[in-house]
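Structural description and commentary
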Amino acid sequence: MNETLISACTMFLVPATLLFGALGVANSSFLKMLVCLLGGATAGLWFYRVWWWTNLSLIDRRTALGLSGMYAAAWVITLLVQLKNMFSRG
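Read on for an overview of the structure.

Cut-offs applied
Residues numbered from 1 in each chain as written. Predicted model: local features only at pLDDT ≥ 70, side-chain atom pairs only at ≥ 80, totals over all residues. Heavy atoms only, no water. Helix = DSSP H or I, 4+ residues; strand = E, 2+ residues; numbered from the N terminus. Buried < 20%, exposed > 50% of the residue type's maximum accessible area, 1.4 Å probe, protein only. Contact = heavy atoms within 4.5 Å. Areas by Shrake-Rupley, 256 points an atom, 1.4 Å probe, with all protein chains shown as cover. Core = buried A, V, L, I, M, F, W, Y, C linked by side-chain atoms within 4.5 Å. Expected span 1.5 Å × (residues − 1). Polar contact = N/O pair within 3.5 Å; in protein donor to acceptor, adjacent residues only side chain to side chain. Patch = residues over 30% accessible without salt bridge, like charges linked within 9 Å, V, L, I, M, F, W, Y side chains within 5 Å. Salt bridge = Lys/Arg side-chain N within 4 Å of Asp/Glu carboxyl O. Phe/Tyr/Trp six-rings, centres within 6.5 Å; stacked < 30°, edge-to-face > 60°.

**Focus on the overall build of the protein**
From N to C terminus, the protein includes three helices and zero strands. Counted from the first residue to the last, the protein has its helices and strands arranged as α-α-α. On the principal axes, the C-alpha backbone points of the protein span a range of 50 × 20 × 15 Å. The buried share among the 90 residues of the protein stands at 30%. Within the protein, residue pairs in contact and separated by at least 24 positions form 70% of the contacts whose partners lie at least 6 positions apart. For the protein, the exposed surface amounts to about 5800 Å²; the carbon and sulfur share of it is 71%.

Here it is, written out as structure tokens:
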């Protein structure tokens, strides 16, 4: 696998993973929503960066897009759950 791609994926993977931990300890719905938005933005930037990366082999591109896409999907689902929780309480 491309060493530069590994470094770039690590650059996005670490904060996206840490934000899941931050979501667990957030104690207000506003803070949880903010963490969800930050996580979604991080995963989205990661997906965008890999999508427009030139000179990647097909397998490297698909692997990186799959990983970033899984994180993006997880954050979208988490955001939707937070929205549902916010509106079902009020």
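Moving on from the coordinates now.
**Focus: the nonpolar core**
Core analysis: the biggest nonpolar cluster contains 18 residues, and Leu-5, Trp-46, Val-50, Tyr-71 and Trp-75 have the highest contact counts within it. For this core, the elements supplying multiple residues, two or more each, are helix H1 (3–25), helix H2 (29–51) and helix H3 (58–89). Ranked by the residues each element gives to this core, the list is headed by H1, at seven residues. Beyond its immediate sequence surroundings of up to four residues, Trp-46 is in contact with Cys-9, Phe-12, Leu-13, Leu-67, Ser-68 and Tyr-71.

**Quick notes on H1**
Helix length check: H1 (23 residues) gives 34 Å between terminal C-alpha atoms against 33 Å at 1.5 Å per residue, within 8%. Those residues of H1 not exposed but buried are Leu-5, Ala-8, Cys-9, Phe-12, Ala-16, Leu-19 and Leu-23. Tucked inside the fold, the buried residues of H1 contact H2 and H3. Of the residues flanking the start of H1, the one acting as N-cap is Asn-2, its side-chain oxygen 2.9 Å from the backbone nitrogen of Thr-4.

**Here we look at a nonpolar patch on the surface**
Judged by side-chain polarity, Val-76, Leu-80, Leu-83, Met-86 and Phe-87 come together as a nonpolar surface patch covering roughly 480 Å² of accessible area. Relative to the helices and strands, Leu-80 resides in helix H3. Accessibility expressed as a relative area gives 52% for Leu-80, which makes it exposed.

**Overview of the packing of aromatic side chains**
Considering all chains together, one arrives at five aromatic pairs under this definition. Here Phe-12 and Trp-46 contribute two aromatic rings whose centre-to-centre distance is 6.3 Å and whose plane-to-plane angle is 5 degrees, an arrangement assigned as stacked. Here the residue Phe-12 occupies a position in helix H1, and Trp-46 occupies one in helix H2, the gap between them amounting to 34 residues. The buried category is assigned to Phe-12, whose relative accessible area is 13%. Where Phe-20 meets Tyr-71, the ring centres are 6.1 Å apart and the plane angle is 55 degrees; that geometry is what we call tilted.

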